[in-house]
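Chain and residue survey
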Amino acid sequence: MKSFLLICISLCMVFSMNAQTSDAAETKDTIVSKNKYFDTLKGKISVRANFSSDVKSYRIQDTESSLILTQNNSYRTSFTFDYRFFGVTLGFSPKFLPGNDDENLKGETELSGIGFQFYFNKWLQRVSYERIKGFYVENTGDFVEDWREGIDPYLQLSGLRTTTYAGNTAYKFNDNFSYPAISGYIHWQQKSVGSFIPSLDYNYINIELKDTGDFTEIKSNEFNITLTPSYFYTFVYKKNWFLSLEASPGIGINFAKETDVDLVQNTSTTENNSFLYYTYDSAAILGYNSSSFYGGARYNVKNLSNFDKSEENLLQTDNFFEFFIGYRFDAPKFIKKSFDWVEEKTGL
């Protein structure tokens, strides 16, 4: 895995040098005239519905066994509004979707979240909030003898809650590549091009486990920071069809503080620790674009693991399909004037 990670980082560096060499060979007029590579669609508001199988799973593993905790939401949906330099996304997981109605076996999961995106010339900034309550043990059969999948209930941790505050800051090197064209779909990439886009991910996670039945509570606060040297390339076919690929290896550090509370004795013990981890994130987006309608599908693979295999190993996987469909329309005058005023005052 480490060798594969080094190969990915080397490829990203090679691709970025090629992109910069290509940019240097172009005339100034080519770079300034961005509509030769992508259309900013500046006067358009973009609204989008997303349907995905984005289900977080945590694996706690040592040399003898592993525990897989998963939220009981097979599918989730979100709605996104984007205009010029700003975007907002609201996410939830309705019970009427197939796979979200098996609470008798896996227990109930409550999920909600909101995210904001800010688009600049070369920078992209994201901030988000997500709350998940209720998990089940996916590998219940490893702990319960004669357990029957689909018939017997899974072991459930209804009192397990995670609250995540996250941010991402990214910078693109190639002016001809539009990051908002694949992150918020507010631009329309019209020519094939790629770019080296390093980013910094950071998040704060609060984890609480209550109602365990043994008169104890567990609280954990974690802070993660990850440096990710990513490379993106978008292939455009006949202007309207596109395939965008991403390779994002990364390395980061985790700082954690865990507190065990004894409710009977009214005492608590606290442990602080930290570890280095590596991540690998890759994605493929296939879609159709026009000045009004757009849509497509995305497949994402993300894995996280710590380097020290001799200790308890926390693995996080976040692999999912996403289908999206959107529509762009001219912004009403009051919205246009409001954004004009902000752009004028801030220089965005």
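Not measured: the values here are computed from a predicted model. (Residues numbered from 1 in each chain as written. Predicted model: local features only at pLDDT ≥ 70, side-chain atom pairs only at ≥ 80, totals over all residues. Heavy atoms only, no water.)

Section: the overall build of the protein
- Helix and strand counts for the protein come out as 5 helices and 17 strands.
- The burial tally for the protein puts 45% of its 348 residues in the buried class.
- Taking all contacts inside the protein whose residues are at least 6 apart in sequence as the whole, residues at least 24 apart take part in 67%.
- Looking at the protein as shown, the accessible area adds up to about 18,600 Å², and 59% of this sits on carbon and sulfur atoms. (Helix = DSSP H or I, 4+ residues; strand = E, 2+ residues; numbered from the N terminus. Buried < 20%, exposed > 50% of the residue type's maximum accessible area, 1.4 Å probe, protein only. Contact = heavy atoms within 4.5 Å. Areas by Shrake-Rupley, 256 points an atom, 1.4 Å probe, with all protein chains shown as cover.)

Examining the pattern of salt bridges
- Taken as a whole and assessed by the stated rule, the structure comprises 11 salt bridges.
- A salt bridge links K42 to E343, with the shortest nitrogen-to-oxygen separation between them at 3.7 Å. Linking K42 in the loop between β1 (38-39) and β2 (44-52) with E343 in helix α5 (residues 333-346), this pair joins segments that are 301 residues apart in sequence.
- The class for K42 is partly exposed, based on a relative accessible area of 48%. (Salt bridge = Lys/Arg side-chain N within 4 Å of Asp/Glu carboxyl O.)

Comments concerning the environment of F135
- The residue F135 is located in strand β8 (residues 123-137) in this model.
- A residue is classified by how much of its surface remains accessible, and F135, at 2% relative accessible area, is buried.
- Once the C-alpha coordinates of F135 and L157 are considered, the two residues, 22 residues apart in sequence, prove to be 5.2 Å apart.
- When near neighbours in sequence (up to four residues on either side) are disregarded, F135 contacts Y58, L69, T70, Q71, Q156, L157, S158, L160 and T162.

Thoughts on α5
- The terminal C-alpha atoms of α5, which comprises 14 residues, lie 20 Å apart, in line with the 20 Å expected from a rise of 1.5 Å per residue.
- Every buried residue of α5 is accounted for by I335, F339 and E343. Seen from one end, α5 has its buried residues packed into an arc of 65 degrees, which puts them on one side. Seen from the open side of α5, the exposed residues pointing more than 90 degrees away from its buried face are K333, F334, K337, W341, E344 and K345.
- Where α5 is buried, its residues meet β2, β5 (76-83) and β6 (86-92).
- Immediately downstream of α5, the backbone of G347 shows phi near 75 degrees, a positive value. (Expected span 1.5 Å × (residues − 1). Arc of directions from axis to C-beta.)

Quick look at the packing of aromatic side chains
- Under the defined criterion, the tally for this structure stands at 21 aromatic pairs.
- The positively charged end of K191 is found above the aromatic ring belonging to Y37, 5.6 Å away from the centroid. (Phe/Tyr/Trp six-rings, centres within 6.5 Å; stacked < 30°, edge-to-face > 60°. Lys NZ or Arg CZ within 6 Å of the ring centre and 35° of its normal.)

What about the side chain of T259?
- Tracing the backbone shows T259 in strand β13 (residues 241-262).
- Using a relative accessible area of 16% as the deciding quantity, one classes T259 as buried.
- Here T270 takes part through its side chain, which lies 3.4 Å from a polar atom of the side chain of T259. (Polar contact = N/O pair within 3.5 Å; in protein donor to acceptor, adjacent residues only side chain to side chain.)

Structural notes on unusual backbone geometry
- Even without a glycine there, the phi angle at L41 is positive, about 50 degrees.
- Secondary-structure assignment places L41 in the loop between β1 and β2.
- In this structure L41 comes out as buried when scored by relative accessible area, which is 8%.
- Of note in this structure, R84 is not a glycine but carries a positive phi near 55 degrees.
- Following the sequence through the fold, R84 ends up in the loop between β5 and β6.
- What makes R84 buried here is its relative accessible area of 12%.

Looking at the pairing of strand β4 (residues 66-71)
- Among the 6 residues of β4, 5 are classified as buried, and the element is accordingly described as predominantly covered.
- As judged from the 3 bridges shared by β4 and β8, these two strands associate in the antiparallel manner. Pairing of Q71 across the sheet is with F135, part of β8. (Pairing = 2+ DSSP bridges.)

Concerning the nonpolar core
- Judged by nonpolar contacts, the single largest core of 17 residues is most densely connected at F177, Y179, I182, Y185, I197, F232 and I285.
- Counting residues in each nonpolar core, the second largest holds 8 residues, with L111, I132, F135 and L209 among its members. (Core = buried A, V, L, I, M, F, W, Y, C linked by side-chain atoms within 4.5 Å.)

A look at a nonpolar patch on the surface
- Together, F51, Y299, F321 and F323 line one region of the surface with nonpolar side chains, adding up to about 420 Å² of accessible area.
- Tracing the chain through its elements places Y299 in strand β15 (residues 293-306). (Patch = residues over 30% accessible without salt bridge, like charges linked within 9 Å, V, L, I, M, F, W, Y side chains within 5 Å.)

Brief notes about the environment of K302
- Following the sequence through the fold, K302 ends up in strand β15.
- Measuring from C-alpha to C-alpha, the distance between K302 and A283 comes to 8.6 Å, with 19 residues separating the pair along the chain.

Describing the pairing of β5
- Among the 8 residues of β5, 6 are classified as buried, and the element is accordingly described as predominantly covered.
- Pairing of β2 with β5, which is carried by 8 bridges, proceeds in the antiparallel orientation. Paired with F51 across the strands is T77, a residue of β5.
- Pairing between β5 and β6: 7 bridges, direction antiparallel. Following the sheet pairing, D82 is matched in β6 by G87.
- Between the antiparallel neighbours β5 and β6 lie 2 residues, among them R84 with a positive phi of about 55 degrees.

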